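# Descriptive structure summary
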Amino acid sequence: MDNGSNDGSVEMLAQVQAEARRQGLGFEVILNTGNVGACTARNQGLEIATGDLIGFMDNDVAVRHRSWLAGLAAVLQGSEANGIVGPKLVYPFAPYDVECAGAAISRGGRVQYRGRGSALDAPRWNEPTEVQCLISACWLMKREVVAQVGGLDEAFNPAQFEDFDFCYRARQAGWKVLVEPSVEMYHFENVTTDGSPDVKFRYVTMRNWVEFKRRWREVYEQEDGPDESDCGWAALETRPLEKTGVPPMV
């Protein structure tokens, strides 16, 4: 799904689509004339997606593990209750520290990117874990989850907290949300949203945070989330693709 890009993405997609078809792979492109919001664009994709498993992968995510889809699919297929699974997201430059190993919500409604800034091999962030929520930069879910709870709530357009809201809705319906850290993917943190002049990123984040708390306060206040002191947002270094180059696949 392309939200009115003017940076060559449309032309790149056309080339990749042609190559995918030569390889016998189905590949459809939805072109929006403007930025309709991440929630709306993803929902457009959900409307035409086929298959038992559906994945989200943002344009600021790059593959680190070639077997990423098989690894995530194995988690979903391991239990009927497993509904959504995400990889461990890492920074796309050495030493490839953890960017997010699932997300957590404190009893006061503050967000923690689990493991943010930790070493890639830190034991605490390398255990498969059921989590409160995931960021949707990359995840895989069962079609039944979407059929039961619906798509992303477009009240959170253009982005931010729509993924947490979706995970809470899924969990409310009885599905488990998990992170599988043996699957690693690169994430160029906030490169897309910070670089979009039509997205007032800080304002949108605060507005949607307030809405998320309004909806789910009675739930996360009763959960065993992280301490408030562990939810500070560390201003870590980020690097766009032109500074890192294409990171290696393993």
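Structural notes, computed from the coordinates. Because the structure is a prediction, the values reported are computed rather than measured. (Residues numbered from 1 in each chain as written. Predicted model: local features only at pLDDT ≥ 70, side-chain atom pairs only at ≥ 80, totals over all residues. Heavy atoms only, no water.)

## Observations regarding helix α5 (residues 162–172)
- The buried fraction of α5 amounts to nine of the 11 residues, a majority that puts the element mostly inside the structure.
- Those residues of α5 that fall on the buried side of the exposure criterion are Glu162, Asp163, Phe164, Asp165, Phe166, Cys167, Tyr168, Arg169 and Ala170.
- Gly174, located one to two residues past α5, shows a positive phi value of around 105 degrees. (Buried < 20%, exposed > 50% of the residue type's maximum accessible area, 1.4 Å probe, protein only. Helix = DSSP H or I, 4+ residues; strand = E, 2+ residues; numbered from the N terminus.)

## Section: the pattern of salt bridges
- A full pass over the atoms with the stated rule returns 13 salt bridges.
- For Glu184, the salt bridge is made with Lys88, and the minimal N-O distance between the two is 3.1 Å. Residue Glu184 is located in strand β11 (residues 176–187), and its partner Lys88 is located in strand β5 (residues 82–90); the two are separated by 96 residues in the primary sequence. The exposure classification of Glu184 matches that of Lys88, with both residues buried. (Salt bridge = Lys/Arg side-chain N within 4 Å of Asp/Glu carboxyl O.)

## Examining the layout of surface pockets
- In this model, the second largest pocket occupies a volume close to 270 Å³.
- Forming the boundary of the second largest pocket are 17 residues, of which Ala104, Arg114, Gln132, Asp224 and Gly225 lie nearest the centre.
- Among the elements of the structure, β7 (103–105) and β9 (129–130) are those that each provide at least two residues to the lining of the second largest pocket.
- Of the residues that constitute the lining of the second largest pocket, the class distribution is five nonpolar, four polar and eight charged. (1 Å grid on protein atoms, 1.4 Å probe; cavity = no way out; pocket = protein on both sides within 12 Å on 5 of 7 lines; lining within 4 Å. Points joined across faces, edges and corners; volume = space filled by probe spheres on them. Nonpolar A, V, L, I, M, F, W, Y, C, P; charged D, E, K, R; others polar.)

## Examining the packing of aromatic side chains
- Enumeration over the complete set of coordinates arrives at 11 aromatic pairs.
- Ring centres 5.5 Å apart and planes at 85 degrees place the aromatic pair Phe161 and Phe164 in the edge-to-face group.
- The exposure class of Phe161 is buried, given its relative accessible area of 8%.
- Using a relative accessible area of 5% as the deciding quantity, one classes Phe164 as buried.
- Judged by centre distance (5.4 Å) and plane angle (45 degrees), the ring pair of Tyr168 and Trp216 falls under tilted. Residue Tyr168 is located in helix α5, and its partner Trp216 is located in helix α7 (residues 201–220); the two are separated by 48 residues in the primary sequence.
- Ring pairs connect the aromatic residues Phe161, Phe164, Tyr168, Phe212, Trp216 and Tyr220, which therefore count as one cluster.
- Over the ring of Phe56 we find Arg42, and its NZ or CZ is 5.3 Å from the ring centre.
- Taking NZ or CZ as reference, Arg116 lies 3.8 Å from the ring centre of Trp233, over its face. (Phe/Tyr/Trp six-rings, centres within 6.5 Å; stacked < 30°, edge-to-face > 60°. Lys NZ or Arg CZ within 6 Å of the ring centre and 35° of its normal.)

## Let's talk about the environment of Ser136
- Structurally, Ser136 can be placed in the loop between β9 and β10 (138–142).
- Once the C-alpha coordinates of Ser136 and Gly102 are considered, the two residues, 34 residues apart in sequence, prove to be 9.9 Å apart.
- In contact with Ser136, other than residues within four places in its own chain, are Arg42, Phe56, Asp58, Glu162 and Asp163.
- Side chain to side chain, Ser136 and Arg42 meet in a polar contact 2.9 Å long. (Contact = heavy atoms within 4.5 Å. Polar contact = N/O pair within 3.5 Å; in protein donor to acceptor, adjacent residues only side chain to side chain.)

## Things to note about the pairing of β11
- In terms of burial, β11 is largely enclosed, as 10 of its 12 residues are buried.
- By the bridge criterion, eight bridges tie β5 to β11 in an arrangement that is parallel. In the sheet register, Asn82 faces β11, and the bridge partner there is Lys176.
- Pairing of β9 with β11 involves two bridges; the strand directions are antiparallel. Bridge assignment links Thr129 to a residue of β11, and that residue is Val179. (Pairing = 2+ DSSP bridges.)

## Observations concerning empty space enclosed by the protein
- Per the counting criterion, the structure on display carries one cavity of 30 Å³ or more.
- Of the voids in this model, the largest cavity is the one considered here, and its volume is about 50 Å³.
- Every residue along the wall of the largest cavity is listed here: Gly86, Pro87, Leu89, Cys100, Gly102, Leu134, Ile135 and Cys138.
- In terms of residues, the lining of the largest cavity owes the most to one element, β5, which gives three residues.
- Considered class by class, the residues forming the lining of the largest cavity number six nonpolar, two polar and no charged.

## Quick word on a negative patch on the surface
- On the surface, a cluster of negative charge is contributed by Asp224, Asp227, Glu228 and Asp230.
- Note that Asp227 resides in the loop between α7 and α8 (241–244). (Patch = residues over 30% accessible without salt bridge, like charges linked within 9 Å, V, L, I, M, F, W, Y side chains within 5 Å. Areas by Shrake-Rupley, 256 points an atom, 1.4 Å probe, with all protein chains shown as cover. Lys, Arg positive; Asp, Glu negative; His and termini not counted. Charge placed at Lys NZ, Arg CZ, Asp CG, Glu CD.)

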